[in-house]
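# Observations on the model geometry
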Amino acid sequence: MAIIMDGNGRWAKARGLPRAAGHRAGAEAARAAVRAAGEAGVECLTLYAFSSENWRRPASEINDLTALLRFYVKKEFESLHREGIRLKILGDHTAFEADVARLVDDAVARTSANERMTVAIALNYGARGELANAMRRLAADVAQGRLQPGDIDETRIEAALDTHDLPPLDLLIRTSGEQRLSNFLLWQAAYAELLFIETLWPDFDGDSMRAALHEFARRERRYGGL
Ligand code: IPE
Ligand code: IPE
Ligand code: MG
């Protein structure tokens, strides 16, 4: 499953707090969501933490988000690792400050053999960019004679995406009442069940996770068949 964790700013505004306080509360909600998903037996949880379009925000907000990322990777790494969680990154996290990128790389490398659950964090991720990268990679293979154009099929495209080693996306949740994908997992969402909920991300808790999974279980999936 994947979550577009939206509504931190509105959560803070409703309380008369700075947006950074909303992001802090949102980071706590992300921790809780990982725990709740693990308890429910979710194989892979993908969290949209920063889009390739979020660079349009003021520098002060980007600094706050980077500082939170640094803090949480340091603080949460040991417990993730202890719980058998493999950390994976979607997108290009090397655009963040070098020390943060290194912390992330280190956490990914050190958890790479964990098998209980995968937590994928989308950082400086955009689905169109991901698809463009995949196409560039396949084109390079064709140019170098390693691949024929006629051999490019859905399986090859999937193998060239950032999500190549993740299970198929079954459930995509967006919080905060917005009903759009904001450039998230466009290819992968082709047959995902979409769930838009009004809850602002910092208020999303274990009960919200259980309610979402319950709703998913009720859905009838047809994949074009009958
Ligand atoms: C989501 O909350 C977190 C990020 C995009 C990093 P927002 O910051 O988008 O919160 P709203 O949409 O302004 O309420
Ligand atoms: C999408 O939320 C990105 C993340 C949750 C990280 P945004 O708040 O950036 O999306 P828009 O701008 O409302 O589409
Ligand atoms: Mg938002």
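Details of the structure are given in the entry above.
Just so it is clear, the model here is predicted, and its values are computed rather than measured.

### As for the nonpolar core
Judged by nonpolar contacts, the single largest core of 38 residues is most densely connected at M1, I3, L45, L47, I173, W201 and M209. Secondary-structure elements contributing two or more residues to this core are α2 (19–39), β2 (44–51), α3 (59–82), β3 (85–90), α4 (98–110), β4 (117–125), β5 (171–174) and α7 (206–218). Not counting residues within four places of it along the chain, the set of residues in contact with M209 comprises M1, I3, A33, A36, A37 and F204. One finds C44, L172, F184 and A189 within the second-largest nonpolar core, a separate group that totals 16 residues.

### Considerations on the pattern of salt bridges
Scanning all chains against the criterion turns up 22 salt bridges. Between E178 and R10 there is a salt bridge, with its nearest N and O atoms 3.0 Å apart. Of the two residues, E178 is situated in the loop between β5 and β6 (193–196) and R10 in helix α1 (residues 8–14); the sequence distance between them amounts to 168 residues. Given a relative accessible area of 22%, E178 falls into the partly exposed group. Note that R19 and E61 form a salt bridge whose closest N and O atoms lie 2.6 Å from each other. Of this pair, R19 sits in helix α2 while E61 sits in helix α3; the two residues are 42 residues apart in sequence, bridging distant segments of the chain. Accessibility expressed as a relative area gives 7% for E61, which makes it buried. Salt bridges linked by common partners bring D170, E193, E215, R218, R219 and R221 together as one network.

### Topic: the site of ligand 1
The immediate surroundings of ligand 1 are formed by 13 residues, with D6, G9, R10, R19 and R57 found nearest. Here an oxygen atom of ligand 1 sits 2.9 Å away from a polar atom, N or O, in the main chain of G9. Here an oxygen atom of ligand 1 and a side-chain polar atom of R19 are 2.8 Å apart. Contact with the protein chains removes 86% of the 380 Å² of surface that ligand 1 exposes when unbound. If you list the elements that add at least two residues to the shell around ligand 1, you get α1, α2 and α3. For the shell around ligand 1, the leading source of residues is α1, giving 3 residues. For the shell around ligand 1, the per-class residue count stands at 3 nonpolar, 5 polar and 5 charged.

Cut-offs applied
- Residues numbered from 1 in each chain as written.
- Chains lettered and ligands numbered in written order.
- Predicted model: local features only at pLDDT ≥ 70, side-chain atom pairs only at ≥ 80, totals over all residues.
- Heavy atoms only, no water.
- Core = buried A, V, L, I, M, F, W, Y, C linked by side-chain atoms within 4.5 Å.
- Buried < 20%, exposed > 50% of the residue type's maximum accessible area, 1.4 Å probe, protein only.
- Helix = DSSP H or I, 4+ residues; strand = E, 2+ residues; numbered from the N terminus.
- Contact = heavy atoms within 4.5 Å.
- Salt bridge = Lys/Arg side-chain N within 4 Å of Asp/Glu carboxyl O.
- Near = heavy atom within 4 Å.
- Polar contact = N/O pair within 3.5 Å; in protein donor to acceptor, adjacent residues only side chain to side chain.
- Areas by Shrake-Rupley, 256 points an atom, 1.4 Å probe, with all protein chains shown as cover.
- Nonpolar A, V, L, I, M, F, W, Y, C, P; charged D, E, K, R; others polar.

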